[in-house]
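Summary of structural features
Chain by chain, the residues:
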Amino acid sequence: MSKSVLLKSSLAKKYWMALTGLFLCLFLVGHLLGNLQLFMSGEEGKRAFNEYAYFMQHNPFIKILSYLTYASIIFHAIDGYLLAVQNKKARPVGYAANKPSANSSAASRNMAVLGTVILVFIVTHMANFWAKMHFDKMPLHSMTKTVEVPVGQDPMTGEVIKKPIEITYYLTTKGEYKEQVYKDPSSGQKQEVFDVKDETFFIDKNSGLKLGEGYKDLHSLTYAFFGQDRSEVGYKANEYALIAVIAYVISMLVLAFHLSHGFASAFQSLGLRHPAYTRLIKGFGQAFSIVIPLAFAAIPVYIYLTK
Amino acid sequence: MASKYININLKIWRQKNANSKGEMKTYKLDQVSTDSSFLEMLDQLNEQLINNREEPVAFDHDCREGICGMCSLYINGRAHGPDNAITTCQLHMRKFKDGDTIYVEPWRAKAFPVIKDLVVDRSAFDRIQQAGGFVSVNTSGRTMDANAIPIAKIDADKAFEAAICIGCGACVASCKNASAMLFVSAKVSQLALLPQGKVEAKERVMNMVRQMDEEGFGNCTNTGACSVECPKEISLDNIARMNREYMKAMVTAE
Amino acid sequence: MSVLDSKIPEGHISQKWTDYKNHLKLVAPNNRPKIDVIVVGTGLAGASAAASLGEMGYNVKAFCFQDSPRRAHSIAAQGGINAAKNYQNDGDSIFRLFYDTIKGGDYRAREANVHRLAEVSGNIIDQCVAQGVPFAREYGGLLDNRSFGGTQVQRTFYAAGQTGQQLLLGAYSAISRQIGLGRVKMYNRHEMLDIVKVDGKARGIIARNLITGAIERHSGHAVIIATGGYGNVYFLSTNAMGSNVTAAWKIHKQGAYFANPCYVQIHPTCIPVHGTNQSKLTLMSESLRNSGRIWVPKKKEDAEAIRAGKMKPTQIAEEDRDYYLERRYPAFGNLVPRDVASRAAKERCDAGFGIEANDTNEGVYLDFSSEIKSKGKQAAYAQGIHNATEEQIIALGKKWVEEKYGNLFQMYEKITDENPYELPMKIYPAVHYTMGGVWVDYNLQSTIPGCFVAGEANFSDHGANRLGASALMQGLADGYFVLPYTVSDYLANEIRTGQIPTNTPEFDEAEKRVKDTINQFLNNNGSRSVDHFHKKLGLIMWNKVGMGRNEQGLKEAIAEIDQLRAEFYKDVYVPGSADELNPELEKALRVADFMELGQLMAMDALQRKESCGGHFREEYQDAEGETLRDDENFKFVGAWEYKGSDINQSQLHKEELNYEFIKIAARNYK
Ligand SMILES: Cc1cc2nc3c(=O)[nH]c(=O)nc-3n(C[C@H](O)[C@H](O)[C@H](O)COP(=O)(O)OP(=O)(O)OC[C@H]3O[C@@H](n4cnc5c(N)ncnc54)[C@H](O)[C@@H]3O)c2cc1C
Ligand code: HEM
Ligand code: SF4
Ligand code: FES
């Protein structure tokens with residue numbers, strides 16, 4: 001099989017488009033399943049989500065998948081533009097009167113435009129979350145609780161005297177909460193047990209030993225990004241949260257259109273068409289193109305509305 | 001079907017020859033019978049132009065019964081005009097109303113250059129056919145008996161439904177990418193479905209697709225416009241089949 | 001002894017072709033590439049010939065005026081192609097196909113040619129199936145057949161209503177393969193405008209490149225003309241707009257005799273004329289007569305009421321309908337041959353029973369309601385519905401009809417805006433096929449040596465009337481199975497000739513003839529369009545050289561066309577220039593030839609004082625209106641020699657027809 005056919009033939013280009021597109025659809029499902037945990041806002045939800053994010057970043061199998069995903073996006077986009085450019089060239093002079101709505105869906109005719117919006121979205125999305133996660137120093141998953149600590153006994157009554165002390169816990173990747181700071185709110189006095197190094201590790205103050213590793217707090221980052229204040233763990237509410245939410249929803253709408261044509265189209269490109277299944281594929285594709293983006297979009301909306 | 005008469009405005013692409021620039025020109029035509037076919041309306045316009053010593057509009061046509069595939073007009077934004085499953089010559093003026101403005105343009109595609117006015121050069125289709133759209137069998141009085149290989153009716157029917165393509169190019173004209181996939185896949189499918197064609201199926205699909213790409217047609221985005229505008233309602237099944245055939249050929253090629 | 005040598009071989013009819021073929025000269029494979037063959041026309045006849053000759057190794061140049069060989073008018077044939085395969089076990093045989101064709105042609109065809117046609121008919125089907133032509137099949141996977149007019153067996157192979165298309169695309173694929181291999185050079189959008197003879201032999205053609213207007217010279221060792229029929233002389237016909245006689249006429253003017261021009265087939269089932277702007281007529285396949293019943297109202301009042309739009313055909317009671325074909329021809333009923341069915345329709349309409357609201361009231365009904373009911377009942381029974389309601393039956397029947405004729409019904413509805421599942425179709429005869437054509441001998445060679453003529457363009461196999469489904473057969477027989485042998489035999493003497501130069505006085509002269517005519521038209525500066533004259537010619541032809549002819553009318557026609565010709569040359573206006581795509585110029589050149597041909601047709605009809613097949617002289621009919629053939633005086637092929645532009649000078653040569661193997665008899669379909 002010659003390489004030129006694999007890459008240059010119009011049909012092969014579409015095979016790649018379809019394969020990468022379908023792979024990205026699978027990715028969307030996985031990504032969504034993770035994201036759905038964002039609907040849980042308490043510590044439990046936060047923990048589940050951050051643990052999940054950590055897992056996604058560190059599991060070697062997932063790593064391979066993620067590289068595949070990046071490659072797919074890049075390849076899909078490049079291939080898509082190549083196709084789009086060729087397609088444009090195939091009709092140098094257009095029609096004075098044209099009524100394509102009579103024969104085809106708007107989505108199918110604008111895949112490249114829709115794809116471009118998605119690409120822009122993916123880039124900003126990655127800048128906002130993925131890059132931070134990977135390259136930025138960012139606060140780790142922590143939690144502050146106020147506990148009444150016995151500080152002595154009332155000599156008169158013999159009652160135990162308690163004092164509220166704020167304890168900040170860090171969640172370690174072993175799954176335990178480790179106390180890091182004890183703080184007396186009244187005096188402002190603090191006692192630290194360990195340092196957080198490189199925004200990753202916990203180093204014992206005294207011995208300098210590594211006590212464990214923390215989770216990056218993507219959950220709070222996300223909540224803050226979409227408008228909820230998380231200053232207590234180091235994330236201030238995003239000033240432009242509303243815009244972010246709207247942009248996100250629009251992007252998902254665009255994705256919906258892209259998929260409303262793309263999903264079934266990929267099967268056609270691969271030659272997977274049969275009277276018995278085509279309706280099924282089309283129906284599933286329609287459902288997929290609505291459900292997945294809708295679910296994605298619901299998350300920021302939910303976060304924004306529950307602030 | 002009492003016939004009526006209508007008056008219409010026409011906006012028609014006029015272009016002297018392949019090298020000159022063209023433009024849309026406006027004409028008025030009165031007293032068009034609604035029983036006339038679209039091409040008969042153009043005949044009437046040409047008669048009027050000739051009588052006024054203007055140059056008549058050149059357009060392709062021959063059989064005028066929807067089978068030769070020669071007629072090829074883009075009317076009011078659609079290949080073969082505002083109706084489905086017909087050719088331009090089968091379009092009748094009863095589809096239009098008094099006072100309508102009708103746009104008439106040639107097929108637009110890089111692979112179909114305009115020759116004059118509404119006439120385009122579709123020889124790219126011939127070259128695709130020449131690249132592999134055949135069974136390599138020589139004439140002889142000694143080919144085996146026609147009934148020697150039974151062919152399941154369903155396959156014969158499917159092959160026939162692909163084979164009725166008239167090579168008009170409406171699929172290319174209506175595709176936003178000017179893709180020739182429907183045309184090519186119809187021929188590939190016809191021959192891939194029949195035992196006689198299976199022997200050289202691989203070479204055929206590879207060669208025809210290569211030629212198709214070389215001619216400068218666009219790629220297939222599966223918008224389905226081709227099949228909707230195809231006068232013979234050639235099915236998208238054929239495109240899927242060609243995708244399969246090509247993949248098979250590609251991954252098993254020696 | 002006639003100057004015409006038909007070269008019919010000796011021997012028993014069933015052995016003639018085999019023996020003859022065995023003794024034809026051959027050209028060795030290494031010599032073939034040195035020989036150029038020109039094929040004009042790429043319909044069934046031309047494409048099959050060009051492909052076969054290309055496969056053999058000759059250098060073939062093929063020409064057609066459309067933008068692709070795939071568009072020749074063969075594509076429009078709907079019904080089917082005959083072959084004596086006897087797959088249906090209804091007693092068919094080569095002899096029977098031969099016999100039916102001779103009889104169908106009203107005993108005016110050559111026995112030897114027709115028998116050869118029947119002999120190779122089976123090979124045609126084999127060849128086409130091998131090419132991937134998707135003929136209709138039965139559930140068992142074997143080929144299906146239907147019956148056609150004029151026969152009592154089912155021998156017609158078909159591909160829904162698009163048989164011609166499928167066969168042509170088969171031939172087109174074969175020629176495409178040769179073009180791809182470089183053995184055939186294809187000249188699309190080229191029109192042959194003259195032939196070039198050197199030392200009496202056909203040596204080349206002059207063709208106009210229709211895009212650039214360039215006048216081109218092409219030389220060859222043999223020229224094959226396969227340019228189709230001349231039905232467009234009537235302006236309105238079922239032929240394509242571009243179908244023309246020019247190539248055939250030009251070779252006629254250079255010495256090829258033109259045979260039986262008066263034999264024109266008027267097809268009984270076409271959509272009636274509707275208005276003055278009409279440009280062509282549409283055929284409804286003859287296969288519809290298998291299922292439809294033809295009738296007109298019994299009462300004139302009813303016919304009038306229908307024409308006035310006051311009554312619908314469905315309101316006319318069964319007993320008030322005149323199924324005139326079933327009445328007159330009980331044995332064949334609606335399946336009588338075309339000429340018989342056409343004349344019967346004309347007879348009813350002339351008598352005032354026509355149902356179409358056009359100028360001439362010309363139209364009859366083709367009614368499917370009986371078939372819908374009977375097939376519906378069968379289908380219901382087959383599905384185990386024993387007490388089916390009327391609606392169920394009709395629905396099932398319509399489904400059956402749709403499966404069988406769906407595309408034809410749809411075509412009808414698109415044109416007429418009437419639903420033929422509900423209302424009977426309106427039909428009327430229209431000009432469809434021309435049995436006459438260039439005279440050729442058994443080798444399909446014209447009276448110009450080296451100039452062969454095939455397909456509808458020659459006069460050969462159909463006598464005075466062609467049976468349905470046999471033109472496709474003839475075209476492919478000529479191209480696949482006759483010409484490759486006979487042309488090779490001719491070319492065997494040409495292996496030493498070498499390439500034929502085109503810079504000779506003969507080419508100069510032919511080119512000058514062409515250029516002069518073109519310039520004459522372009523400089524004419526008259527006031528009327530070409531169509532104006534063509535329509536006038538058509539009207540004369542239809543009225544006086546049409547379905548019914550008589551001496552007076554024919555004489556008038558000749559005189560009227562004379563006048564029209566003069567007017568045409570004086571007053572035609574051809575816009576544009578010679579060096580561009582110029583459809584009006586193309587038409588003018590064609591109409592000029594049609595005018596001359598029209599006169600010759602009238603001459604021939606005048607000369608033939610009998611009625612036979614498609615030629616009906618009103619003076620020669622019996623009391624019941626059936627044709628009266630005169631075998632004693634007219635059992636010959638009338639071949640005309642061109643003698644200058646005064647048609648009255650044309651000279652008739654007769655080729656006597658000998659029936660050795662078939663007993664000649666009155667044609668009887670009762
Ligand atoms: C509507 C219709 C239905 C029919 N149905 C049937 C049927 O069911 N069964 C049947 O047996 N027969 C049928 N016939 C008849 C049959 O189709 C034709 O007789 C037959 O196909 C003629 O084939 P051909 O090759 O001789 O010519 P055509 O197919 O007409 O081809 C003529 C070729 O010559 C070329 N040409 C013509 N003039 C020139 C020129 N001057 N220069 C260069 N090229 C030229 C054309 O471009 C074309 O390629 C039907 C005919 C019609 C009109
Ligand atoms: C998660 C993101 C994406 C998913 C799930 C996705 C999915 C798909 C699918 C399934 C197809 C159909 C393939 C086919 O017809 O064979 C498709 C087509 C297409 N995609 Fe995407 N896509 C995504 C992102 C993008 C991006 C970022 C671009 C960038 C430019 C893009 C551009 C295109 C184009 C141009 C097509 C049409 C190709 C054609 O048929 O000509 N897509 N996509
Ligand atoms: S596929 Fe349909 S639209 Fe395309 S060339 Fe064939 S008949 Fe015309
Ligand atoms: S003119 Fe032949 S299909 Fe329209």
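1. As for the overall build of chain C
What chain C contains, in helices and strands, is 17 helices and 19 strands. The proportion of buried residues among the 670 residues of chain C is 67%. Once local pairs closer than 6 in sequence are excluded, the contacts in chain C between residues at least 24 apart make up 74%. Carbon and sulfur atoms make up 47% of the accessible area of chain C, which totals about 22200 Å².

2. Examining the arrangement of the chains
Comparison of the two pairs of chains in contact shows the highest number of contacts for chains B and C. Structurally, chain A and chain C remain out of contact, their C-alpha atoms never closer than 20 Å.

3. Observations regarding helix H9 (residues 237–252) of chain B
An ideal rise of 1.5 Å per residue puts 22 Å on 16 residues; H9(B) measures up with 22 Å between its terminal C-alpha atoms. Asn238(B), Ile239(B), Ala240(B), Arg241(B), Met242(B), Asn243(B), Glu245(B), Tyr246(B), Ala249(B) and Met250(B) are the residues of H9(B) that are buried.

4. Examining the coordination of the iron atom of ligand 2
For a metal with four donors in a tetrahedral arrangement, the ideal angle between donors is 109.5 degrees, while six donors in an octahedron ideally sit at 90 or 180 degrees. Residue and element names in this part refer to chain A. Bound to the iron atom of ligand 2 on the protein side are His76 (NE2) and His258 (NE2), at distances that span 2.0 Å. Of note is the iron atom of ligand 2, whose six donor atoms meet at the metal with angles of 87 to 180 degrees in an arrangement that counts as octahedral. Pair noted here: His76 is in helix H4 (residues 60–89) and His258 is in helix H8 (residues 241–269), with a separation of 182 residues, a long-range link. Of the two residues, His76 and His258, neither departs from the other in class, the shared state being buried.

5. Considering the domain arrangement of chain C
Residues and elements named next belong to chain C. Domain boundaries assigned for chain C yield domain 1 (35–265 + 432–494), domain 2 (269–429) and domain 3 (505–630 + 647–656). Here the C-alpha centroids of domain 1 and domain 2 sit 32 Å apart. The partner domain 2 presents 23 residues to the 26 residues of domain 1 that form the contact. It is Gln78, Leu236 and Thr238 in domain 1 that bury the most area against domain 2; as a group they hold 27% of the surface buried on that side. Inspection of the region where domain 1 meets domain 2 yields zero salt bridges.

6. Some points on the interface of chain A and chain B
Between chain A and chain B, the residue contacts involve 37 residues of the former and 48 residues of the latter. Carbon and sulfur atoms supply 54% of the area buried between chain A and chain B, which totals about 3400 Å² over both sides. Considering only the side of chain A, the residues that lose the most area to chain B are Leu11(A), Tyr95(A) and Asn103(A), jointly responsible for 18% of the buried surface there. Between chain A and chain B we count one salt bridge in total. Close ionic contact of Arg273(A) with Asp237(B) constitutes a salt bridge, the shortest N to O distance being 2.5 Å. Of all the elements in the fold, those that place two or more residues in the side of chain A that touches chain B are helix H1 (3–8), helix H2 (10–35), H4, helix H5 (106–109) and H8 of chain A. With five residues, H2(A) is the largest single contributor of residues to the side of chain A that touches chain B.

7. Structural notes on the packing of helix H6 (residues 246–253) of chain C against helix H16 (residues 583–607) of chain C
All names here are of chain C. The contact between H6 and H16 brings their axes to 9 Å, and the two run at 65 degrees. Where H6 crosses over H16, the two elements pack in a sense that is left-handed. Where H6 abuts H16, its residues Thr246, Trp249, Lys250, His252 and Lys253 lie against Leu589, Arg590, Asp593, Glu596, Leu597 and Leu600. Of the residues that constitute the contact of H6 with H16, the class distribution is four nonpolar, two polar and five charged.

8. Notes on the sheet that holds strand E2 (residues 23–33) of chain B
Residue and element names in this part refer to chain B. If you trace the five strands from one edge of the open sheet to the other, you get E2-E1-E5-E3-E4, paired in mixed fashion. The open sheet has two edge strands, E2 and strand E4 (78–79), and neither has a second partner. Looking at chain direction, strand E1 (residues 5–14) and E2 are connected through nine bridges and run antiparallel. Looking across to E2, one finds that Lys11 is bridged to Thr26. Across the face of the sheet, helix H1 (residues 38–51) comes into contact with E1, E2, strand E3 (73–75) and strand E5 (101–106) while running at roughly 105 degrees to E2.

9. Concerning the site of ligand 3
Around ligand 3, the neighbouring residues are Phe125(B), Cys165(B), Ile166(B), Gly167(B), Cys168(B), Gly169(B), Ala170(B), Cys171(B), Leu182(B), Cys230(B), Pro231(B) and Ile234(B). Along the lines of polarity and charge, the residues of the shell around ligand 3 split into ten nonpolar, two polar and no charged.

10. Considerations on the sheet that holds strand E16 (residues 437–438) of chain C
Residues and elements named next belong to chain C. Strands sit in the order E16-E10-E18-E19 across an open sheet of four strands; the sheet is antiparallel. In this open sheet, the two strands that pair with only one neighbour each are E16 and strand E19 (651–656). Summarising the sheet, strand E18 (residues 636–641) and E19 pair through six bridges and their orientation is antiparallel. The partner of Glu641 across the bridge, within E19, is Gln651. Here H16 sits on the sheet in contact with strand E10 (258–259), E18 and E19, set at roughly 140 degrees to E18.

11. Some remarks on the packing of aromatic side chains
Scanning the entire structure with this criterion turns up 52 aromatic pairs over all chains. When the ring of Tyr70(A) is compared with that of Trp130(A), the centres are 5.7 Å apart and the planes differ by 75 degrees; the resulting orientation is edge-to-face. A residue pair is termed long-range when its members are at least 10 positions apart, and Tyr70(A) in helix H4 and Trp130(A) in helix H6 (residues 111–135) qualify at 60 residues. Overall, Tyr70(A) belongs to the partly exposed group, its relative accessible area being 26%. Residue class for Trp130(A) comes out partly exposed when judged on its relative accessible area of 28%. Ring-pair connections join several aromatic residues into one group, and the members of that group are Phe121(A), Phe129(A), Phe225(A), Phe226(A) and Tyr248(A). The ring of Trp17(C) is capped by Arg116(C), whose NZ or CZ atom sits 4.8 Å from the centre of that ring. Over the face of the ring belonging to Phe636(C) we find Arg608(C), whose NZ or CZ atom lies 4.8 Å from the ring centre.

12. Some thoughts on the interface of chain B and chain C
Contacts between chain B and chain C engage 73 residues on the former and 79 residues on the latter. Taking both sides of the interface into account, the surface hidden between chain B and chain C amounts to around 6400 Å²; carbon and sulfur atoms contribute 50%. For the interface between chain B and chain C, the tally reads eight salt bridges. In this structure, the salt-bridge partner of Arg122(B) is Asp67(C), at a minimum N-O distance of 3.2 Å. Elements with a contribution of two residues or more to the side of chain B that touches chain C: H1, strand E6 (114–116), strand E7 (119–120), helix H2 (123–132), helix H3 (153–163) and helix H5 (181–193) of chain B. Counting residues per element, the side of chain B that touches chain C draws most heavily on H1(B), which supplies six residues. Taken together, the residues of the side of chain B that touches chain C break down into 34 nonpolar, 21 polar and 18 charged.

13. Looking at the site of ligand 1
All names here are of chain C. By nearness alone, 38 residues border ligand 1, and Gln66, Ser74, Met192, Glu456 and Leu472 come closest of all. Met192 is positioned such that a nitrogen or oxygen atom in its backbone is 2.7 Å from a nitrogen atom of ligand 1. At three residues, the largest contribution of residues to the shell around ligand 1 is made by strand E6 (residues 190–198). Partitioned by chemical class, the residues of the shell around ligand 1 number 17 nonpolar, 18 polar and three charged.

14. Topic: the environment of Tyr573(C)
Positionally, Tyr573(C) belongs in the loop between helix H15 (551–571) and H16. A residue is classified by how much of its surface remains accessible, and Tyr573(C), at 10% relative accessible area, is buried. Placed 116 residues apart in sequence, Tyr573(C) and Ala457(C) show a C-alpha to C-alpha distance of 29 Å. In this view, Tyr573(C) contacts Ile50(B), Arg53(B), Asn525(C), Gly526(C), Ser527(C), Arg528(C) and Ser529(C); residues no more than four positions away in its chain are not counted.

15. Observations regarding a nonpolar patch on the surface
All names here are of chain A. A cluster of nonpolar side chains, contributed by Leu7, Trp16, Leu19 and Phe75, occupies part of the molecular surface with about 360 Å² of accessible area. As for its position among the elements, Trp16 is in helix H2. The class for Trp16 is partly exposed, based on a relative accessible area of 32%.

16. Focus on the pattern of salt bridges
Counted according to the given criterion, the structure contains 81 salt bridges over all chains. A salt bridge links Glu55(B) to Lys116(B); the shortest N-O distance between them is 2.7 Å. Of this pair, Glu55(B) sits in the loop between H1 and E3 while Lys116(B) sits in strand E6, placing them 61 residues apart in sequence. Three or more residues are tied together by salt bridges with common partners; here these are Asp106(C), Arg108(C), Arg608(C), Glu610(C), Arg629(C) and Asp631(C).

17. Let's talk about the pairing of strand E2 (residues 160–171) of chain A
Residues and elements named next belong to chain A. With eleven bridges connecting them, strand E1 (residues 142–153) and E2 associate as antiparallel partners. In the strand pairing of E2, Gly152 is matched with Ile161. Hairpin remark: E1 followed by E2, antiparallel, with six residues in the connecting loop; positive phi at Gly158, about 80 degrees. Linking E2 back to strand E3 (residues 177–183) in an antiparallel pair, the connection comprises five residues, with Gly175 at a positive phi of about 100 degrees.

Rules used throughout
- Residues numbered from 1 in each chain as written.
- Chains lettered and ligands numbered in written order.
- Predicted model: local features only at pLDDT ≥ 70, side-chain atom pairs only at ≥ 80, totals over all residues.
- Heavy atoms only, no water.
- Helix = DSSP H or I, 4+ residues; strand = E, 2+ residues; numbered from the N terminus.
- Buried < 20%, exposed > 50% of the residue type's maximum accessible area, 1.4 Å probe, protein only.
- Contact = heavy atoms within 4.5 Å.
- Areas by Shrake-Rupley, 256 points an atom, 1.4 Å probe, with all protein chains shown as cover.
- Expected span 1.5 Å × (residues − 1).
- Donors = N, O, S within 2.8 Å, 3.2 Å for Na, K, Ca; no water.
- Tetrahedral: all angles 85-135°; square planar, octahedral: opposite > 155°, others 65-115°.
- Domains from an automatic or database assignment.
- Buried area = accessible area lost by both parts, 1.4 Å probe.
- Salt bridge = Lys/Arg side-chain N within 4 Å of Asp/Glu carboxyl O.
- Axes fitted to C-alpha atoms, helices over the stretch in contact; angles between N-to-C directions.
- Left-handed = near helix turned anticlockwise from the far one by under 90°.
- Nonpolar A, V, L, I, M, F, W, Y, C, P; charged D, E, K, R; others polar.
- Pairing = 2+ DSSP bridges.
- Near = heavy atom within 4 Å.
- Phe/Tyr/Trp six-rings, centres within 6.5 Å; stacked < 30°, edge-to-face > 60°.
- Lys NZ or Arg CZ within 6 Å of the ring centre and 35° of its normal.
- Polar contact = N/O pair within 3.5 Å; in protein donor to acceptor, adjacent residues only side chain to side chain.
- Patch = residues over 30% accessible without salt bridge, like charges linked within 9 Å, V, L, I, M, F, W, Y side chains within 5 Å.

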